[in-house]
Amino acid sequence: MDQEAVSQNITKTMSAMRGGGGRRGRRSYDDGGAREEQEAQRVAAVEREKKTVHVNEFITVSELAAILKIPATQIVAFAFKNLGLMVTINQRLDFDQIELIAGEFGFQAVLEADYAVETTAQEEADLPEELQPRPPVVTIMGHVDHGKTSLLDYIRKATVVAGESGGITQHIGAYHVALPDDRRITFLDTPGHEAFTAMRARGAQVTDVVVLVVAADDQVMPQTIEAISHARNAGVPMVVAINKVDLPAANPGKVKQDLLQHSVVVEEFGGDVMAQEISAKTGAGVPELLEKILLQADLLELAANPDRRAAGAVVEAQLDPGKGPVATVLVQNGTLRVGDDFICGIFSGRVRALLDERGKQVKSAGPAIPVQVLGLTGVPMAGDQFVVVEDASEAREIAQRRERLEREARSRRSSKGVVTLEDFMSQTDAGEKRQLKLLIKADQGGPAEALADALQQLSNEEVQVEVIQRAVGAITESDILLAKASGAIILGFHVRPDNKARAAAEREGVDIKLYRIIYEAVADVRAALEGLLRPEEREVIVGEALVRETFKVPRIGLVAGCIIRSGVATRSANVRVIRDGVEVYDGQVGSLRRFKEDVREVREGFECGIGIENFNDVKVGDVFEFYRTEEVARTLESSTSASHS
């Protein structure tokens, strides 16, 4: 019995240890299972976090490739094959495209929370009864010199062309126009030059109607096609303005025919795109164009809620010597008032004053109204979101987080070394893609972005432009220190370094280039990049000789008796031995003799004796082909075409 009792006790003890008996044992088992489940959830969360990438919208293909840690060529190939998109490494992607690409490579893309609109301004949707009609926002697009700004001049009865460097508009302007029938339209004047692709794209995203200006004495040009693409991608209706119909060479019918090739079918041809023939010079047809714009706006039933906190987009920003940082903001919803606290890009602030496009102070601005905002803590970039918040301390906290993210991103892009634009082309890092780092400062955000995009488009598979920072304002000492740490060159557009910055640049050896025309900056950087390209080796045939007989000469070896059939045979040239159309040897000329005398060259039609270094298997009938190799400087265009071929 005692032994049986002992056995039972042992069994109970073992069962309890396994969690099979007794209340205490069950609790131990349950706790262990809960811990295992929690550990499994923790591991799964860690794995999910590893596969989650935080991105900002409109990053480039190369930036996304760096985040995903995959070659950019894989993204380019996937976009072409699966999305039907022809993208380059410097092309910007919207979040939908980023999400699809990241998913393909096993990642989940999440908009960077610190940079998203994470403020209390994310309120519930507006109720239908809260909405009121608002003016349409109209973007004027088209090719350079087709008359976009002239059209706006006529409508505004003011000249904005004078003073523009290079004869083109170099920043976006926003203008609110009151028409005779008391209706209003807000116009965005986007630059027409190809350097401003990104600015036109952003214009299409904040606009309701696009006015496509095409000159009647010209044809549909590349920038016209780009404008059509931007409008179509943004889902924005178009109204075509065929300008310069007063000129003798005008042919509006041909313009309408050309537009058909790009799927723009005007009403005259049975389509749904309204068109109007105008003359921005005389004003002919302009009232009819405005009527069609308003008709198109009526079809859209545009409305907004003016009784909520304002939200909008920065159209332009600059550092004014007297007013400080000034941003031109297009209010998209709500009403912006003096005294409102706001967050804008990496900056926060309180509205100190609101100015209309003529510089007059206003107390408030409702939906679709552009105003200049004073009271920012810094100069934002064009395209930044502008959101009014209830709590000023929250706005400052968000701005600080965003600034930290921006600073960290710049730090990741930085590397040691100082370089100048002149000595950049002397770098010869064999086997590596050579990179030119730039820091861009401009007087306004639009030109800064335009210049950055234009320069990045110069990159190819062999050389690359990386813009480590673009900002608005004078070149400061901190810019010099950043350029030194990053090994970057500073490009200033309509800005100059202050005294401290100039001294720091001289002390640190940082190169500063100042420009007033974007074309000149692009040309200089292009020249530097082309100097960096490894020269192309090109073979030049200088002569050809036919072997008629061979001789063995003591202490010299085999000598071929030849006649020069074309060109000239030279002692310094390389020589290729060709037998029955096949190359059998490639080497150097050992000897070149005529009438027992050594000569430097023998011309066409003359006979001579030729010896080939380290080759004695010459036969009658062989052909000697004389050639030299020369280095030819390459251009970015030739390099790009070679990489695609």
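See the structure above.
Residues numbered from 1 in each chain as written. Predicted model: local features only at pLDDT ≥ 70, side-chain atom pairs only at ≥ 80, totals over all residues. Heavy atoms only, no water.

**Focus on the overall build of the protein chain**
Filter applied, for reference: Strands are runs of DSSP state E lasting at least 2 residues, helices are runs of H or I lasting at least 4, and numbering of each runs from the N terminus. By definition, residues are in contact when any of their heavy atoms lie within 4.5 Å. For the accessible areas, the method is Shrake-Rupley and the probe is 1.4 Å, while residue cover comes only from the protein chains on display.
Tallying secondary structure elements over the protein chain gives 17 helices and 31 strands in all. Sequence separation of 24 or more characterises 72% of the internal contacts of the protein chain that already satisfy a separation of 6 or more. Accessible area for the protein chain stands at about 32900 Å²; split by element, carbon and sulfur atoms hold 49% of it.

**Observations concerning helix H14 (residues 477–486)**
Helical geometry note: an α-helix holds 3.6 residues per turn, so side chains three or four residues apart project in the same direction. Under the convention used in this document: Only protein chains enter the accessibility calculation, which uses a 1.4 Å probe. A residue is then buried if its area is under 20% of the maximum for its type, exposed if over 50%, and partly exposed in between. The directions considered for the arc are those from the helix axis to the C-beta atoms.
Inspection of H14 places Asp479, Ile480, Leu482, Ala483 and Ser486 among the buried residues, and these make up the whole buried set. For H14, the arc enclosing every buried residue in end-on projection is 165°, short of the 170-degree limit, so these residues lie on one face. Remark: glycine 487 follows H14 within two positions and exhibits a positive phi of approximately 70°.

**Examining the environment of valine 589**
Along the chain, valine 589 turns up in strand E27 (residues 582–594). The spatial distance from the C-alpha of valine 589 to the C-alpha of alanine 569 is 9.4 Å, given a sequence separation of 20 residues. Excluding residues that lie within four positions of it along the chain, valine 589 makes contacts with Thr570, Arg571, Ala573, Val575, Ile610, Gly611, Glu613 and Phe626.

**Here's the deal with the pattern of salt bridges**
The criterion, for reference: In the sections that follow, a salt bridge refers to a side-chain nitrogen of Lys or Arg positioned within 4 Å of a carboxyl oxygen of Asp or Glu.
Per the stated rule, a full pass over the model turns up 23 salt bridges. The partner of aspartate 258 in a salt bridge is lysine 254, and the shortest N-O contact between them spans 3.1 Å. With aspartate 258 and lysine 254 both in helix H9 (residues 252–260), this residue pair falls four residues apart, about one helical turn. Residue aspartate 258 is classed as buried on the basis of its relative accessible area of 13%. Exposure remark for lysine 254: the relative accessible area of 37% places this residue in the partly exposed category. Residue aspartate 479 pairs with lysine 441 through a salt bridge whose shortest N-O separation is 2.6 Å. Taken together, the residues span a long stretch of sequence, with aspartate 479 in helix H14 and lysine 441 in strand E20 (residues 434–442) at a distance of 38 residues. What makes aspartate 479 buried here is its relative accessible area of 6%. Exposure remark for lysine 441: the relative accessible area of 5% places this residue in the buried category. Through salt bridges with shared partners, a single ionic network connects Glu539, Arg576, Glu583, Asp586 and Glu625.

**Looking at the packing of helix H3 (residues 61–68) against helix H4 (residues 72–83)**
Under the convention used in this document: Angles here are taken between N-to-C directions and fall from 0 to 180 degrees, while the axes themselves are lines fitted to C-alpha atoms, restricted in helices to the stretch in contact. Put simply, a crossing is left-handed when the front helix is turned counterclockwise from the back one by less than a right angle, and right-handed when it is turned clockwise. In this count, Pro and Cys sit with the nonpolar residues alongside Ala, Val, Leu, Ile, Met, Phe, Trp and Tyr, while Asp, Glu, Lys and Arg are called charged and the others, Gly among them, polar.
Packing of H3 against H4 brings their axes to within 8 Å, and their N-to-C directions diverge by 115°. Remark: the crossing between H3 and H4 carries right-handed chirality. Along the contact surface, H3 presents Val61, Leu64 and Ala65, while H4 presents Ala72, Ile75 and Val76. The residue inventory of the contact of H3 with H4, partitioned by class, reads six nonpolar, no polar and no charged.

**As for the sheet that holds strand E9 (residues 274–277)**
Using the following cut-off: In short, DSSP must find at least two bridges between two strands for them to pair.
Taken together, the six strands give an open sheet; going across it, the order is E5-E6-E4-E7-E8-E9, and neighbouring strands pair in mixed fashion. Whereas interior strands pair on both sides, the edge strands pair on one side only; in this sheet they are strand E5 (173–178) and E9. Sheet twist, expressed as the average angle between the axes of neighbouring strands with direction ignored, equals 25°. Sheet topology places E5 next to strand E6 (residues 184–189); six bridges connect them, and they run antiparallel. Residue pairing across strands places histidine 176 opposite threonine 186, the latter belonging to E6. Where H9 meets the sheet, it contacts strand E7 (209–215), strand E8 (238–243) and E9, and its direction lies at approximately 145° from that of E8.

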